[in-house]
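Here are the chains, one letter per residue:
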Amino acid sequence: MIPSFFDLHVLESTGSTNTDVKALAQAGQKEGYVLQARAQTNAYGRFGRTWQAPPGNLYLSLLLRPARELGFCCFYSFAAALALRQAVVALCPHAALYFKWPNDVLIGDAKVSGMLIEAAPVEDGPVSWLVLGLGVNVQNHPSDLSYPATSLTAQGIFLDADELRDQFLAHFYDWMLVLEQKGFEPLRQAWLLHAPARAMLVGTVEGLFEGLDDRGGLILRGADGTRQVVMAGDVFFR
(Lines give C-alpha, C1' and ligand atoms only; values in the text may rest on other atoms or scores of the structure.)
Protein backbone atom coordinates (compact mmCIF):
# COMPACT_ATOMS: atom_id res chain seq x y z
CA MET A 1 0.00 0.00 0.00
CA ILE A 2 1.32 3.45 -0.92
CA PRO A 3 2.05 5.69 2.09
CA SER A 4 -0.44 8.56 2.43
CA PHE A 5 2.48 10.99 1.99
CA PHE A 6 2.32 10.34 -1.76
CA ASP A 7 -0.26 11.71 -4.20
CA LEU A 8 -0.13 9.40 -7.22
CA HIS A 9 -1.15 10.37 -10.76
CA VAL A 10 -0.83 8.09 -13.80
CA LEU A 11 -0.64 9.02 -17.49
CA GLU A 12 -0.58 6.72 -20.49
CA SER A 13 2.15 8.81 -22.08
CA THR A 14 3.99 12.09 -21.65
CA GLY A 15 7.17 13.70 -22.88
CA SER A 16 9.03 13.42 -19.59
CA THR A 17 7.70 12.89 -16.08
CA ASN A 18 10.63 14.87 -14.66
CA THR A 19 9.84 17.82 -16.92
CA ASP A 20 6.18 17.70 -15.92
CA VAL A 21 6.86 17.49 -12.19
CA LYS A 22 9.48 20.25 -12.31
CA ALA A 23 6.88 22.55 -13.85
CA LEU A 24 4.42 21.63 -11.10
CA ALA A 25 7.09 22.21 -8.44
CA GLN A 26 7.76 25.68 -9.80
CA ALA A 27 4.01 26.36 -9.73
CA GLY A 28 3.81 25.48 -6.02
CA GLN A 29 2.69 21.84 -6.03
CA LYS A 30 2.93 20.22 -2.61
CA GLU A 31 5.60 17.63 -1.91
CA GLY A 32 4.67 13.99 -2.23
CA TYR A 33 3.26 14.40 -5.72
CA VAL A 34 4.11 11.35 -7.88
CA LEU A 35 3.65 11.18 -11.65
CA GLN A 36 3.86 7.84 -13.40
CA ALA A 37 3.74 7.45 -17.18
CA ARG A 38 3.29 4.18 -19.05
CA ALA A 39 5.58 5.58 -21.74
CA GLN A 40 7.66 8.71 -22.33
CA THR A 41 8.45 10.29 -25.68
CA ASN A 42 11.14 12.75 -24.59
CA ALA A 43 12.81 11.09 -21.61
CA TYR A 44 16.31 12.01 -20.55
CA GLY A 45 18.90 10.92 -18.03
CA ARG A 46 22.03 12.40 -16.49
CA PHE A 47 23.75 15.17 -18.47
CA GLY A 48 20.61 15.48 -20.62
CA ARG A 49 21.20 12.20 -22.44
CA THR A 50 18.26 10.87 -24.45
CA TRP A 51 16.68 7.86 -22.83
CA GLN A 52 14.38 5.31 -24.40
CA ALA A 53 11.11 4.86 -22.51
CA PRO A 54 8.72 2.48 -24.33
CA PRO A 55 5.62 0.92 -22.74
CA GLY A 56 6.07 -1.99 -20.35
CA ASN A 57 8.54 -0.45 -17.92
CA LEU A 58 8.19 1.67 -14.78
CA TYR A 59 8.69 5.42 -15.12
CA LEU A 60 7.87 7.87 -12.38
CA SER A 61 8.97 11.17 -10.86
CA LEU A 62 8.25 12.38 -7.35
CA LEU A 63 8.42 15.81 -5.76
CA LEU A 64 10.09 16.56 -2.44
CA ARG A 65 10.67 19.80 -0.57
CA PRO A 66 13.35 18.75 1.93
CA ALA A 67 14.55 22.26 2.92
CA ARG A 68 18.14 20.99 2.63
CA GLU A 69 21.23 22.28 0.87
CA LEU A 70 22.02 21.04 -2.61
CA GLY A 71 24.80 18.75 -1.37
CA PHE A 72 22.30 16.82 0.74
CA CYS A 73 19.98 16.21 -2.19
CA CYS A 74 22.20 13.59 -3.84
CA PHE A 75 21.54 11.29 -0.89
CA TYR A 76 17.96 10.75 -2.07
CA SER A 77 19.27 8.77 -5.05
CA PHE A 78 20.88 6.33 -2.61
CA ALA A 79 17.53 6.07 -0.82
CA ALA A 80 15.87 5.32 -4.15
CA ALA A 81 18.40 2.62 -5.07
CA LEU A 82 17.97 0.93 -1.70
CA ALA A 83 14.18 1.15 -1.98
CA LEU A 84 14.11 -0.33 -5.47
CA ARG A 85 16.30 -3.26 -4.49
CA GLN A 86 14.06 -3.96 -1.50
CA ALA A 87 10.96 -3.66 -3.67
CA VAL A 88 12.18 -6.20 -6.22
CA VAL A 89 13.40 -8.63 -3.55
CA ALA A 90 10.09 -8.34 -1.68
CA LEU A 91 8.30 -9.53 -4.82
CA CYS A 92 10.99 -11.94 -6.02
CA PRO A 93 13.25 -13.09 -3.18
CA HIS A 94 15.82 -14.80 -5.43
CA ALA A 95 16.60 -11.57 -7.32
CA ALA A 96 20.23 -10.43 -7.01
CA LEU A 97 20.55 -6.68 -7.56
CA TYR A 98 23.67 -4.58 -7.05
CA PHE A 99 24.51 -0.89 -6.98
CA LYS A 100 26.78 1.06 -9.27
CA TRP A 101 27.76 4.58 -8.24
CA PRO A 102 26.28 7.09 -8.44
CA ASN A 103 22.70 6.06 -9.24
CA ASP A 104 22.39 2.78 -11.14
CA VAL A 105 20.97 -0.59 -10.11
CA LEU A 106 22.45 -3.64 -11.84
CA ILE A 107 21.80 -7.32 -12.34
CA GLY A 108 25.22 -8.79 -12.94
CA ASP A 109 27.06 -6.12 -14.92
CA ALA A 110 23.95 -4.88 -16.75
CA LYS A 111 21.90 -1.83 -15.81
CA VAL A 112 18.26 -2.45 -14.95
CA SER A 113 17.41 0.90 -13.37
CA GLY A 114 18.64 4.45 -12.98
CA MET A 115 17.67 7.54 -11.00
CA LEU A 116 17.90 11.23 -11.83
CA ILE A 117 17.71 14.04 -9.29
CA GLU A 118 17.00 17.62 -10.30
CA ALA A 119 16.65 20.45 -7.80
CA ALA A 120 15.81 24.14 -7.83
CA PRO A 121 19.05 26.07 -8.43
CA VAL A 122 20.21 28.08 -5.45
CA GLU A 123 23.30 30.15 -4.71
CA ASP A 124 23.22 29.52 -0.98
CA GLY A 125 20.81 27.86 1.41
CA PRO A 126 18.24 25.08 1.03
CA VAL A 127 16.66 24.10 -2.27
CA SER A 128 12.99 24.93 -2.69
CA TRP A 129 12.17 21.63 -4.42
CA LEU A 130 13.70 18.36 -5.55
CA VAL A 131 12.44 16.01 -8.26
CA LEU A 132 13.54 12.38 -8.24
CA GLY A 133 13.02 10.47 -11.47
CA LEU A 134 13.10 6.68 -11.58
CA GLY A 135 13.20 4.34 -14.55
CA VAL A 136 13.11 0.56 -14.24
CA ASN A 137 13.45 -1.83 -17.18
CA VAL A 138 10.64 -4.18 -16.23
CA GLN A 139 9.74 -5.81 -19.55
CA ASN A 140 12.24 -4.44 -22.07
CA HIS A 141 15.59 -2.70 -22.36
CA PRO A 142 17.65 -0.90 -25.00
CA SER A 143 20.38 -2.77 -26.84
CA ASP A 144 22.29 0.06 -28.51
CA LEU A 145 24.00 1.62 -25.48
CA SER A 146 27.67 2.11 -24.61
CA TYR A 147 27.13 -0.06 -21.52
CA PRO A 148 25.26 -3.35 -20.90
CA ALA A 149 21.57 -3.12 -20.06
CA THR A 150 18.95 -5.67 -19.15
CA SER A 151 15.37 -5.96 -17.93
CA LEU A 152 13.77 -7.83 -15.07
CA THR A 153 11.91 -10.02 -17.56
CA ALA A 154 15.13 -10.88 -19.41
CA GLN A 155 16.54 -12.06 -16.10
CA GLY A 156 13.56 -14.30 -15.37
CA ILE A 157 12.00 -11.85 -12.90
CA PHE A 158 8.36 -11.36 -13.88
CA LEU A 159 6.77 -8.46 -12.03
CA ASP A 160 3.85 -6.12 -12.52
CA ALA A 161 5.08 -2.54 -12.93
CA ASP A 162 2.33 -1.07 -10.74
CA GLU A 163 2.96 -3.55 -7.95
CA LEU A 164 6.66 -2.73 -8.15
CA ARG A 165 5.77 0.98 -7.99
CA ASP A 166 3.77 0.52 -4.80
CA GLN A 167 6.54 -1.47 -3.15
CA PHE A 168 9.13 1.09 -4.21
CA LEU A 169 7.19 4.04 -2.81
CA ALA A 170 6.65 2.27 0.51
CA HIS A 171 10.35 1.46 0.91
CA PHE A 172 11.45 4.85 -0.37
CA TYR A 173 9.32 6.56 2.24
CA ASP A 174 11.01 4.52 4.96
CA TRP A 175 14.52 5.35 3.69
CA MET A 176 13.57 8.99 3.28
CA LEU A 177 12.65 9.16 6.96
CA VAL A 178 15.91 7.45 7.94
CA LEU A 179 17.87 9.94 5.84
CA GLU A 180 16.09 12.99 7.20
CA GLN A 181 16.20 11.84 10.83
CA LYS A 182 19.58 10.09 11.04
CA GLY A 183 21.55 11.45 8.09
CA PHE A 184 23.41 9.70 5.30
CA GLU A 185 25.44 7.22 7.33
CA PRO A 186 22.78 4.46 7.66
CA LEU A 187 22.14 4.67 3.90
CA ARG A 188 25.87 4.62 3.15
CA GLN A 189 26.35 1.45 5.16
CA ALA A 190 23.31 -0.29 3.63
CA TRP A 191 24.29 0.73 0.08
CA LEU A 192 27.84 -0.61 0.50
CA LEU A 193 26.49 -4.07 1.37
CA HIS A 194 25.39 -4.42 -2.25
CA ALA A 195 28.23 -2.61 -4.05
CA PRO A 196 31.04 -5.16 -4.57
CA ALA A 197 34.64 -4.02 -4.89
CA ARG A 198 35.55 -3.61 -8.55
CA ALA A 199 38.28 -1.96 -10.59
CA MET A 200 36.75 1.16 -12.12
CA LEU A 201 37.49 3.99 -14.50
CA VAL A 202 35.84 7.37 -13.91
CA GLY A 203 36.98 9.90 -16.47
CA THR A 204 40.75 9.73 -16.24
CA VAL A 205 40.74 8.31 -12.70
CA GLU A 206 41.25 4.56 -12.39
CA GLY A 207 41.34 2.46 -9.26
CA LEU A 208 39.74 -0.13 -7.03
CA PHE A 209 36.43 0.81 -5.47
CA GLU A 210 36.89 1.23 -1.72
CA GLY A 211 33.67 2.83 -0.60
CA LEU A 212 31.81 6.11 -0.21
CA ASP A 213 32.80 9.15 1.77
CA ASP A 214 30.36 11.06 3.97
CA ARG A 215 29.30 13.25 1.02
CA GLY A 216 28.43 10.27 -1.17
CA GLY A 217 31.66 10.58 -3.15
CA LEU A 218 33.27 7.52 -4.72
CA ILE A 219 36.55 6.43 -3.08
CA LEU A 220 39.07 4.81 -5.43
CA ARG A 221 42.51 3.44 -4.57
CA GLY A 222 45.02 3.66 -7.40
CA ALA A 223 47.71 1.15 -8.30
CA ASP A 224 50.22 3.29 -6.39
CA GLY A 225 48.12 3.06 -3.22
CA THR A 226 46.86 6.64 -3.27
CA ARG A 227 43.18 7.27 -2.60
CA GLN A 228 41.03 9.68 -4.58
CA VAL A 229 37.46 10.81 -4.06
CA VAL A 230 35.37 11.33 -7.19
CA MET A 231 32.21 13.43 -6.87
CA ALA A 232 30.87 13.19 -10.44
CA GLY A 233 31.36 11.16 -13.60
CA ASP A 234 30.46 7.97 -15.45
CA VAL A 235 31.78 4.71 -14.01
CA PHE A 236 33.09 1.96 -16.24
CA PHE A 237 34.12 -1.40 -14.83
CA ARG A 238 37.61 -2.55 -15.78
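As shown above, the structure is provided for reference.
Calculation criteria
- Residues numbered from 1 in each chain as written.
- Predicted model: local features only at pLDDT ≥ 70, side-chain atom pairs only at ≥ 80, totals over all residues.
- Heavy atoms only, no water.
- Pairing = 2+ DSSP bridges.
- Helix = DSSP H or I, 4+ residues; strand = E, 2+ residues; numbered from the N terminus.
- Axes fitted to C-alpha atoms, helices over the stretch in contact; angles between N-to-C directions.
- Buried < 20%, exposed > 50% of the residue type's maximum accessible area, 1.4 Å probe, protein only.
- Salt bridge = Lys/Arg side-chain N within 4 Å of Asp/Glu carboxyl O.

(A) The arrangement of the sheet that holds strand β9 (residues 205-212) in detail. The strand order across the open sheet formed by five strands is β11-β10-β9-β8-β12, and the pairing between neighbours is antiparallel. Two strands in the sheet have a free side with no partner beyond their single neighbour: β11 (227-230) and β12 (235-237). Neighbouring strand axes in the sheet, compared pairwise and without regard to direction, differ in orientation by 45 degrees on average.

(B) Region of interest: unusual backbone geometry. Each neighbour pair has its own omega, and for W101 with P102 the value is 0 degrees, a cis peptide bond. Structurally, P102 can be placed in the loop between β4 (98-100) and β5 (104-107). We note that A67 has phi near 55 degrees; this positive angle belongs to a residue other than glycine. On the basis of relative accessibility, which here comes to 56%, the residue A67 falls in the exposed class.

(C) Looking closely at the pattern of salt bridges. Inspection of the entire model under this criterion finds 12 salt bridges. In this structure, the salt-bridge partner of E12 is R38, at a minimum N-O distance of 4.0 Å. Here E12 is found in strand β1 (residues 7-14), whereas its partner R38 is found in strand β2 (residues 33-40), with 26 residues between them in sequence. Here E12 falls in the exposed class, since its relative accessible area comes to 60%. On the basis of relative accessible area, R38 is assigned to the partly exposed category, the value being 27%. A salt bridge links D104 to K111; the nearest nitrogen and oxygen atoms lie 3.2 Å apart. A relative accessible area of 11% means that D104 is categorised as buried.

Nothing here speaks to function; it is all geometry.
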